[in-house]
Amino acid sequence: MFNLFKDKNPISLANKAYQTTDPKKAVDLYSDAIKYEKAKSQPDKSFLSDLYLFRGQIYFNQGVAILSSSDFLHSLEHNPQNATSHNNLGIWFTIEFFATPDYTRALEHLDKAVSYSNNNQEFRMNRAVVKIQMGDKDIGRSELEELQNEGYSDATIAIERFC
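Quick caveat: nothing in here was measured; it's all calculated off a predicted structure. As a convention, each chain's residues are numbered from 1 in the sequence order in which they are written. In view of the model being predicted, local features appear only for residues whose pLDDT reaches at least 70, and side-chain atom pairs are presented and counted only at 80 or more, with totals across whole chains, interfaces and linings using the full set of residues. Side-chain numbers here rest on the full set of heavy atoms in the structure, without hydrogens or water.

Visitor: Provide a residue-level description of the environment of aspartate 44, including the pertinent values.
Guide: Within the secondary structure, aspartate 44 is located in the loop between α2 (23-38) and α3 (45-61). Relative accessibility under 20% of the residue-type maximum defines a buried residue, over 50% an exposed one, and the middle range a partly exposed one, all with a 1.4 Å probe and only protein chains included. Aspartate 44 sits in the partly exposed class, given a relative accessible area of 40%. Sequence spacing of aspartate 44 and glutamate 143 is 99 residues, and the spatial spacing of their C-alpha atoms is 36 Å. Any pair of N or O atoms that falls within 3.5 Å is considered a polar contact. Within protein, one atom must be able to donate a hydrogen and the other to accept it, and sequence-neighbouring residues count only if both atoms are side-chain atoms. At 3.0 Å, the side chain of aspartate 44 and the backbone nitrogen of phenylalanine 47 are in polar contact. In DSSP terms, a helix is any run of H or I states spanning at least four residues, a strand is any run of E spanning at least two, and both are numbered starting from the N terminus.

Spelled out as structure tokens, the structure:
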């Protein structure tokens, strides 16, 4: 664990982790924040969910497959409605670098992400692309066109790339 600050305040540790550009230092700070939050008599489950999510995103960006997916799952244990964790797992299940893509599991998580955060255009686009990758091209394209009509420019890129 990263104990340079000898800080036992999980919020302070999380803020420091968020501000650093050093991935190892950020992981250590988030790990300490998780440890101290879990040690409380009544830990804040939503906060723990976010801590695991943020640490998982660092692992994901570093290409550490097992730790990233594990943290996203831990995030959901503490808050099953964490839309970003569902979205990240959905993406995780489509990346060949990590494993053989499992579009069915990806779609399950992306459906949940959208149901918990229906206004999030990125989540909706990710789900539409997975539908296309699963062979449901008409529905996926229709959903991307709907996003495009809403002014979401990334939908145009997705249509060009996947349709």
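Visitor: Any details on the side chain of histidine 86? Residues and values, ideally.
Guide: As for its placement among the helices and strands, histidine 86 is situated in helix α5 (residues 83-92). The exposure class assigned to histidine 86 is buried, which follows from its relative accessible area of 3%. A polar side-chain atom of histidine 86 sits 3.0 Å from a polar atom in the side chain of histidine 109.

Visitor: Hey, could you go over the nonpolar core for me, with residue numbers and the actual values?
Guide: Membership of the largest hydrophobic core comes to 16 residues, with the highest contact counts inside it found for Leu13, Ala14, Tyr30, Ile34, Leu48, Leu51 and Ile58. Counting residues per element, the ones that place at least two in this core are α1 (10-19), α2 and α3. In terms of residue count, α2 provides more of this core than any other element does, seven residues in total. We call two residues contacting when some pair of their heavy atoms lies within 4.5 Å. In this view, tyrosine 30 contacts Ala14, Ala17, Tyr18, Leu51, Phe54, Arg55 and Ile58; residues no more than four positions away in its chain are not counted. Take the buried Ala, Val, Leu, Ile, Met, Phe, Trp, Tyr and Cys residues and link them wherever side-chain atoms come within 4.5 Å; each set so joined is a nonpolar core. The next biggest cluster of nonpolar side chains, apart from the first, holds eleven residues, and it includes Leu76, Trp92, Ala106 and Leu110.

Visitor: Hey, could you go over helix α8 (residues 137-149) for me, with residue numbers and the actual values?
Guide: A helix is expected to reach a length of 1.5 Å times the quantity of its residues less one. Between the first and last C-alpha of α8 there are 18 Å, a value that for 13 residues agrees with the 18 Å anticipated at 1.5 Å per step. Buried residues of α8: Gly140, Glu143, Leu144 and Leu147, and no others. An end-on view of α8 places all buried positions within 100° of arc, on one side of the element. Turned more than 90 degrees off the buried face of α8, the exposed positions are Asp138 and Asn149. Its buried side turned inward, α8 meets α7 (121-133) and α9 (153-162). Downstream of α8 by a residue or two, glycine 151 has a phi angle that is positive, lying close to 95°. By construction, the arc corresponds to the directions joining the helix axis to the C-beta atoms.

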